[in-house]
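As a plain string of letters, each chain reads:
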Amino acid sequence: MFSYLTPGAFKGKQWNDFMGIYHKDEKLQPGHQMPDFVLPDIFDTPIRLSDCRGKVVLLTIGSGPLDDYKAMLPIKKKLYSSYGKEKLEIIDIMIDKSKDGLLKVMANNNVSWTFVSDCKDWSSPLLKSWGIDHICQTFVIDAQGKI
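Scope of this entry: the structure provided in the associated data block.

A surface patch of nonpolar side chains, about 290 Å² in accessible area, is lined by Ile75, Leu79 and Tyr83. Within the secondary structure layout, Tyr83 lies in helix H2 (residues 67–87).

Each regular strand shows side chains that alternate between the opposite faces of the sheet. Strand E3 (residues 56–62) sits mainly inside the fold: six of its seven residues count as buried. With H2 bridging E3 and the parallel strand E4 (residues 88–94), this β-α-β connection has right-handed handedness.

Another aspect to go through is the environment of Gly131. Assignment of secondary structure puts Gly131 in the loop between helix H4 (125–130) and strand E6 (137–141). With a relative accessible area of 33%, Gly131 lands in the partly exposed category. Separated by 104 residues in sequence, Gly131 and Lys27 place their C-alpha atoms 9.4 Å apart.

Another point: the side chain of Glu89. Note that Glu89 resides in strand E4. Looking at Glu89, the relative accessible area reads 6%, which means it is buried. At 3.5 Å, the side chain of Glu89 forms a polar contact with the side chain of Thr114. In contact with Glu89, other than residues within four places in its own chain, are Cys52, Lys55, Val56, Val57, Leu58 and Thr114.

The next thing to look at is the pattern of salt bridges. This structure, assessed with the given rule, holds three salt bridges. Ionic pairing is found between Glu89 and Lys55, a salt bridge with its closest N-O pair at 3.1 Å. Of this pair, Glu89 sits in strand E4 while Lys55 sits in the loop between strand E2 (46–48) and E3; the two residues are 34 residues apart in sequence, bridging distant segments of the chain. Measuring nitrogen to oxygen at the nearest pair gives 2.7 Å for the salt bridge that ties Asp92 to Lys76. Of this pair, Asp92 sits in strand E4 while Lys76 sits in helix H2; the two residues are 16 residues apart in sequence, bridging distant segments of the chain. With respect to class, Asp92 is no different from Lys76; both count as buried.

Evaluated as defined, the whole model comprises three aromatic pairs. Between Tyr80 and Trp113, the ring centres sit 5.9 Å apart and the planes meet at 65 degrees, which makes this aromatic pair edge-to-face. Placement of Tyr80 in helix H2 and of Trp113 in the loop between helix H3 (99–109) and strand E5 (114–116) is noted, with a sequence separation of 33 residues between them. By the burial criterion, Tyr80 is buried, and Trp113 matches it. Ring pairs connect the aromatic residues Tyr80, Trp113 and Phe115, which therefore count as one cluster.

Helical periodicity: at 3.6 residues per turn, an α-helix aligns residues three or four positions apart in one direction. The largest bend along H2 reaches roughly 65 degrees and is located at Ser81. Of all the positions in H2, only Tyr69, Leu73, Lys76, Tyr80 and Gly84 are classed as buried. Looking at the buried side of H2, the elements it contacts are E3, E4, H3 and E5.

Reading the values: rules and limits
Residues numbered from 1 in each chain as written. Predicted model: local features only at pLDDT ≥ 70, side-chain atom pairs only at ≥ 80, totals over all residues. Heavy atoms only, no water. Patch = residues over 30% accessible without salt bridge, like charges linked within 9 Å, V, L, I, M, F, W, Y side chains within 5 Å. Areas by Shrake-Rupley, 256 points an atom, 1.4 Å probe, with all protein chains shown as cover. Salt bridge = Lys/Arg side-chain N within 4 Å of Asp/Glu carboxyl O. Helix = DSSP H or I, 4+ residues; strand = E, 2+ residues; numbered from the N terminus. Buried < 20%, exposed > 50% of the residue type's maximum accessible area, 1.4 Å probe, protein only. Right-handed = clockwise from strand over helix to strand, strands pointing away. Polar contact = N/O pair within 3.5 Å; in protein donor to acceptor, adjacent residues only side chain to side chain. Contact = heavy atoms within 4.5 Å. Phe/Tyr/Trp six-rings, centres within 6.5 Å; stacked < 30°, edge-to-face > 60°. Bend = angle between axes of the 7 residues up to and from the residue.

So this is what it looks like as structure tokens:
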């Protein structure tokens with residue numbers, strides 16, 4: 001990729017911006033340790049990714065109204081019923097402005113896994129620090145915390 005994208009391919013600050021985005025994205029690639037986070041669930045209980053060590057985690061960053069997110073719900077339900085909370089943790093980081101959206105997704109779809117959000121929508125510091133600029137994104141994290 002970089003053989004085609006050299007500093008000459010961009011003007012001035014564009015190269016630095018591109019490299020900043022690339023390095024943020026690089027951290028979320030397979031084989032890397034998933035960055036830890038702490039976000040509140042619907043009951044304002046802090047949920048830490050590192051508390052799930054020892055289990056496989058299916059982590060989705062999404063939004064309830066999106067078709068891509070809705071399409072994954074039956075698959076997640078099947079996985080959750082097959083493996084249960086002992087072996088598999090499902091965490092959905094929801095991009096929303098309020099907890100109402102989280103509650104609607106849970107109630108309307110009869111799901112019981114963990115939903116978290118800082119309710120800051122696209123202004124979330126977590127999204128910015130991870131370089132998340134589109135959704136839905138799903139990560140499978142092994143029992144040691146690697147993507």
